[in-house]
Structures are given as structure tokens and as C-alpha cells.
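# Descriptive analysis of the structure
Below, each chain spelled out in residue letters.
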Amino acid sequence: MADTADTTPGRRPDRDGEGAHDDRRPGRDGGGAHGGGRRPVPTRKASWRYIGPGIVVAATGVGAGDLVATLVAGGRFGYTLLWAAVVGCLVKISLAEAAGRWHLATGRTLFDGWRSLGAWTTGYFAVYVAVWGFVFGAAAMSSSALPLQALFPDVMDLKWWAVLCGLAGLAFVWFNRYAVFEKVMTILVGVMFVITLYLAVRVTPNLGRAFAGLAPVLPDGSLIYTLGLIGGVGGTITLAAYGYWVNAKGWTDTSWMKVMRLDNRVAYLTTGVFVIAMLVVGAELLHSSGIALAKGDKGLLDLGGILEDRYGAVTAKLFLIGFFATSITSLIGVWHGVSLMFADFVTHVRSRGATATGEAVAAGVRERSLPFRAYLLWLTFPPMALLFLDQPFGLVIVYGVIGAFFMPFLALTLVWLLNSSRTPAEWRNGWLSNGVLGAAGLLFLVLCVQQVRELPW
């Protein structure tokens, strides 16, 4: 098979060209870095120069819909729910760290771990990636097109902007490997970071009220908004893709564990800055004026109009550029990360458990594989039909149901995997990880029930 791992011992260059490292990996016997008679794997010192996959997961996980949810929470409750945004970032740190730790400690992919829990995980994932990818593809293309149409209103219709965004994302991921993908994502994150901070400063935040918002309180009618802030922002299938990006970076064994943990913390510190900045904008610009935004991504266009009225056309256009950077990073991040997961899924289904090792594959092999490119096409072309038609009612319901179940599925299966003999003893969950992941699983179950209740049955 094209993406079977090369487990030949020896040294090889890192996938991103940063040097050489030992290719000996822990196997399925649970021996970890020190098992099976292997000599100890030297631990690399955590260094900022290695940062990369975390930036990718942060950029991909925060989309336009997340920014709208944060703005609405700030507009409705001011700074009162700031603490929930901070807690949400801590939850995501725990989830992404667990996914990355599984990949590094076991040498197996996350889907390989899921498959070891039973055939039900394969069935769920197959339905999920098919339906979710179809509907998400249309949503991501539309979201990326909105700011472009606002910036260039007389060039073409929104639907054609969306088609162009989809084709651009397809071409970029198809012809580039992870190293280029990471660099472009980092640039776009820089654009998002600078613009969101500029907006937060521009609206002149009330620091006293902001610090008061760190105290955990629940105003009347705020429970669902609070749970949404904790569980929603930056919380998607991209958290599961983090381990695949870690491997694509060239981190394939426990010597990279400290580096991965620093990378992950930087990711959600960055996410936290985005979320807090947008909450500040919502609190100062919307809450104080009693302004309500439209639902969905179009609410960000409303905000662009408000910014233009208050602060001029330059600030409004900068915001639209930031809006585009936020949307397009989610598009190309999913195009790349979920396609990696799908390629791994196909490898294991084909093998029927007989030959697939689940280990990190050689540089670029999975990105050049037929399943990877097939899923790229699935994300791009079939969803274009939804750009020209109303979304089929039944499809919306199925999408909402299986999508709502993914985050509790991820949290609770990570608890299962990282407390079992599948994980080397020294890398299993401690009490803190179990507590945070268990609480996250319960939180996501509550959000799942709420989301299913709100579906248009």
C-alpha cells in the first residue's frame, strides 16, 4: 500500500528539513520509549523554533462561526463570560495534548487507536467524514467568499467567489507538502492576530470590567452561551487532526513530547487571544450600544458596517481582511488535516487489521496518496451543488446529529485509550488529565443534546 510506514531503523532527515532524528519508534507491544529492549530515547528541549503544528490547529479550529458566537456572547453579556473563554482554551489544550501524546507515545495514529476499540468506531467515522465533509465544504467556501464579495462587490456573485475559494484551497493543498502549508498558515495567523488585537485596542476596552469578567458567574439566560464558549471555539475535528500534523512535522516518538506540549500551549494561547479580543469588541461595540448581529457568518458583515460607521473605511477593510484570513485558514486546514485522517482511515479499512501498522508514515507519502486526494475532491466539488441549491432538509439534520456527537466521541475515546494498556504506562493519563478530559466529555454531551434539540426536525 502507498502509505504503509517505513519502519526500517536508522536516521533520516526531519520532514520539515530541520535536522535528523532517530526513526526507531515504539511499537504496539506497549513498551514505549524504553520497552522491548530499546535504549532510552533522548528528550529534545522544548524550543520556540520548532513551533508549527499548534499554529496550524489554532488557525484551523477558529472559524468565522466561532467569531460570531464570541461576538454575540460579548454583545449580550459584556465581559461577564470572559472566564468561560479562558476555560474553553484550557479544555482544548488538554484535548489536543492528549491526541498528540497518543501519536508520540504509541507510534500509532489516532484512527488506529479508535479502531482498536471496536468496529463501531469505523462505522461512525465513515458516516461522519462523508456527510460532515459534504456540508462543511459548502459552508467553508461560503464563509471565505463573504469578505471577498464585501471587499470587491462589483467583481462577481457570492457563489462564484465561493467556487473560486474552493478551487484555490484544492490547488494549494494538492500541490504543496506540509512544510509549505505550515508556513502559509503561520502567515495567515499573523494577519488574524494583528487585526484582532488592533480591533480590541481600537474599541478602547474597559480593563476593570475585563478583569472582573474572569470571575466565574452565570447571568440569567447565559448557560447555553457559556457552554458554547467553553466547548465551541476552536473545538472541531481539527483537534483530532493535531496528531497527524505532529507526525507530518517529523515528530514521531517520545523525544518530541516536551516540544509538542509547548507547541500545543502556544496554539491555544493564540486561540485565547483571538477569542478574548473578539469578546472585547462585542462587549464594547455591541453590548454598550444594544446592537444585535445577524445569525451566522453574515453577522461579521454587519460588524464590518458598524466598524465603518464608527471608525472609518480603513478599519472596516482591515476587519474584512482578518475575516477572510480566519475563514480561509479553516478551509485549507480542514482540506489538509481531515484528508490526512481519511487517508489513514482508508489504509486501515483496506488492511482489515492484517498489515497496517498505524505508525507515522514517511514524509509526504500520505499527502500524495489516492485517498488523500480523493477526499480533497470530495470536500471541493460535490459541496458546490449546495452553493446553488438550498441545503436538503434531511442532510442538514444528519449533519447536525453526527457533528454534535464528534466532540464527546473524541474526548471520551481519548480517556479510554490513554488509560489502557494500549498506551505505555509512563505516558498514560494522570488524575488532572482524566479530570479535564472527563469534564470535557460531559460538557460536550450536554452541548450535543442541546444542539440536537435545536435541529429543524
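Since the model is a prediction, treat every value here as computed from it, not as a measurement.

What counts and what doesn't
- Residues numbered from 1 in each chain as written.
- Predicted model: local features only at pLDDT ≥ 70, side-chain atom pairs only at ≥ 80, totals over all residues.
- Heavy atoms only, no water.
- Helix = DSSP H or I, 4+ residues; strand = E, 2+ residues; numbered from the N terminus.
- Buried < 20%, exposed > 50% of the residue type's maximum accessible area, 1.4 Å probe, protein only.
- Contact = heavy atoms within 4.5 Å.
- Core = buried A, V, L, I, M, F, W, Y, C linked by side-chain atoms within 4.5 Å.
- Axes fitted to C-alpha atoms, helices over the stretch in contact; angles between N-to-C directions.
- Parallel < 35°, antiparallel > 145°, perpendicular 65-115°, else oblique.
- Nonpolar A, V, L, I, M, F, W, Y, C, P; charged D, E, K, R; others polar.
- Salt bridge = Lys/Arg side-chain N within 4 Å of Asp/Glu carboxyl O.
- pLDDT = per-residue confidence, 0-100.

With respect to the helices, strands and loops of the structure, serine 327 is situated in helix H13 (residues 313-351). With relative accessibility at 3%, the residue serine 327 sits in the buried group. In this structure, the C-alpha to C-alpha distance between serine 327 and serine 144, residues 183 residues apart in sequence, is 4.9 Å. Residues within four places of serine 327 in sequence aside, it is in contact with Ala64, Ser143 and Ser144.

Ranked by internal contacts, the top residues of the largest apolar core, which has 134 residues, are Leu95, Leu110, Trp114, Trp335, Phe406 and Leu410. Apart from the residues lying within four places of it in its own chain, the contact partners of leucine 410 are Leu110, Trp114, Leu239 and Ala240.

The contact between helix H10 (residues 238-249) and H13 brings their axes to 9 Å, and the two run at 75 degrees. Judged on the interaxial angle alone, H13 and H10 are roughly perpendicular. Residues Thr238, Ala240, Ala241, Tyr244 and Trp245 of H10 pack against Gly333, Val334, His336, Gly337, Leu340, Met341 and Asp344 of H13. By residue class, the composition of the contact of H10 with H13 is 7 nonpolar, 4 polar and 1 charged.

By the definition in use, this model includes 6 salt bridges. Its salt-bridge partner being glutamate 182, residue lysine 249 comes within 3.0 Å of it at the nearest N-O pair. One end of the pair, lysine 249, is in helix H10; the other, glutamate 182, is in helix H7 (residues 178-202), with 67 residues separating them in the sequence. Each of the two residues, lysine 249 as well as glutamate 182, counts as buried. Linking arginine 366 and aspartate 344 is a salt bridge whose minimum nitrogen-to-oxygen distance equals 3.4 Å. Of this pair, arginine 366 sits in the loop between H13 and helix H14 (370-380) while aspartate 344 is found in helix H13, placing the two residues 22 residues apart along the sequence. Like arginine 366, the residue aspartate 344 is buried in the burial classification. The structure contains a network of salt bridges with shared partners spanning Glu97, Arg101 and Arg261.

This brings us to the confidence of the model for the protein chain. It should be kept in mind that the predicted coordinates are not to be read in detail where pLDDT is low. Looking at the protein chain as a whole, its pLDDT mean stands at 82, while 81% of the residues score no less than 70. Here residues 1-38 scores under 50 on pLDDT; set against residues more than four positions off or in separate chains, the count is 105 contacts. Under a pLDDT of 50 for its full length, residues 354-360 has, in the predicted model, 30 contacts with residues more than four places off or in other chains.

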